[in-house]
Amino acid sequence: MKTIVILENNQNELQKDVHIANAKELGARVVLLSQAQRPTEPGVELIHVTNGELNRSLDEAAKITEGETVIVLDAALKISKEDLSKALEACSGTHAKLFSLVDETGQSYCSHDFTSEQLPAQIGYQHFLPMGIVSVPAVAMSNLDETTSAAEAICKVLINAISEAGPVETQTAEIQIDKENAEATVSMNNAARASALRFLIHSINIEELFPNHSWEKHQEECAAACYHTLAATFIKLEDYNSAIECLALSDRLEDSPRSLALKGLIALQKGETLTAVANMVSSLQEYERRKKETEGHYLSFIPKDLEKINTNLQSGLSALNKRENDTAANCFREAVFHFDSFYEDCGLQSVKQ
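Let us look at the structure shown here. What you see is a predicted model; the values in this text were computed from it and never measured.

### Side note on the packing of aromatic side chains
- With the rule as written, the count across this model stands at four aromatic pairs.
- A ring pair is formed by Y287 and F339, whose centres lie 5.1 Å apart and whose planes are at 20°; its orientation type is stacked. Of this pair, Y287 sits in helix α12 (residues 273-292) while F339 sits in helix α14 (residues 325-339); the two residues are 52 residues apart in sequence, bridging distant segments of the chain. Residues Y287 and F339 agree in their burial class; the two are buried.
- Ring geometry for F337 against Y343: centres 5.2 Å apart, planes inclined by 20°, an arrangement best described as stacked.
- Residue Y343 is classed as buried on the basis of its relative accessible area of 0%.

### So, the side chain of S142
- Note that S142 resides in the loop between β6 (133-137) and α5 (150-165).
- Look at S142 and you get buried, because its relative accessible area is 14%.
- Look past the residues within four positions of S142 in its chain and what remains in contact with it is D59, A62 and N160.

### Notes on the pattern of salt bridges
- Within this structure, the stated rule accounts for 17 salt bridges.
- Where K16 meets D17, a salt bridge forms, and the shortest distance between an N and an O atom there is 2.8 Å.
- In this structure D17 comes out as partly exposed when scored by relative accessible area, which is 34%.
- A salt bridge links K156 to D145; its shortest N-O distance comes to 2.5 Å. In this pair, K156 sits in helix α5 while D145 sits in the loop between β6 and α5, placing the two residues eleven residues apart along the sequence.
- Put simply, R29, E45 and E68 are held in one network by salt bridges that share partners.

What counts and how
All chains use their own residue numbering, which begins from 1 and follows the written sequence. In keeping with the predicted nature of the model, local features appear solely for residues at pLDDT of at least 70, side-chain atom pairs appear and are counted solely at 80 or more, and the whole-chain, interface and lining totals rest on all residues. As a rule here, side-chain values come from all non-hydrogen atoms in the structure, and water together with hydrogens is ignored. Centres within 6.5 Å make a pair out of two Phe, Tyr or Trp rings, where for Trp the six-membered ring is used; the pair is then stacked when the planes are under 30 degrees apart, edge-to-face when over 60, and tilted otherwise. Helix and strand assignments follow DSSP, with helices taken as H or I runs no shorter than four residues and strands as E runs no shorter than two, numbered in order from the N terminus. Summary of the burial criterion: residues with accessible area below 20% of their type's maximum are buried, those above 50% are exposed, and those between are partly exposed, where the area comes from a 1.4 Å probe applied to protein chains only. Should any heavy atoms of two residues lie within 4.5 Å, those residues are counted as being in contact. Salt bridges are counted wherever a side-chain nitrogen of Lys or Arg sits within 4 Å of a carboxyl oxygen of Asp or Glu.

Fair warning: the whole summary comes from geometry, so function is off the table for now.
See the structure below:
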């Protein structure tokens, strides 16, 4: 008998009851994780979610389904009994499985690159993540950190599965979902994404997350570059504390103009304008130095448009002399962005100024 673990996710009783009824008709065992106090239901093993700590309840679910491969289902996902049957048929093996979710317009919400290498960008930048229904070894539900939403929980379960068994497999069988329902079940807000990204960093070695760097020749500089990328992602997700932690790790490895600029961006977001100016100016000075001293470095910084850099630099100095600090900070910010495409590549040009 296969098991379906349903994350009730504060859904209405009708939606939850439909999933349970369908699972029973398909001969599946049902484990329900619910925040509501409810009487025991025949054929349903109930695990109460206390204080919104979904991770502890998933750990309990892992213990009672030990050794199995299970379906984890967000109760918010509206799927038919036939599609639930497809998922159960695919529920086997040691690798996690995602399902191709398709709405009535034909739009697919499934990622075909859910590997350790793709995860930082997937979590940080992809609007839709196929988090509504997955097949995983039960052990992947264990040892999650604090988790409050169903989508965040499923994402972390997938990270655990990848850490233990390698890339997620994508199932070709399509599962139909409502377009109206898609936003609620295949997307995560910034806070949930940041939490998942923190969990990822603690679960999988950084060399596996960024395998395409020159690790053998430039180990420390490569690691610093990775932490800069992660810090930029956290800034994009408005998790400035995690970004600062990443920059602290990078600073132990090398002095970089990127670290200074990213600190400037964080200060700018916090309204600390003079700190932002100081970091941006220091960053530009470091970029200029590194432009001349590239030998022995993994990364080189060759500006694309010196004229724009100089124009922004002069405008910034002029604004600073007039005590127009906000204008100066933004001018120096633009000069940095023209010096290094890293910030545009990380989507930081769209971060509010």
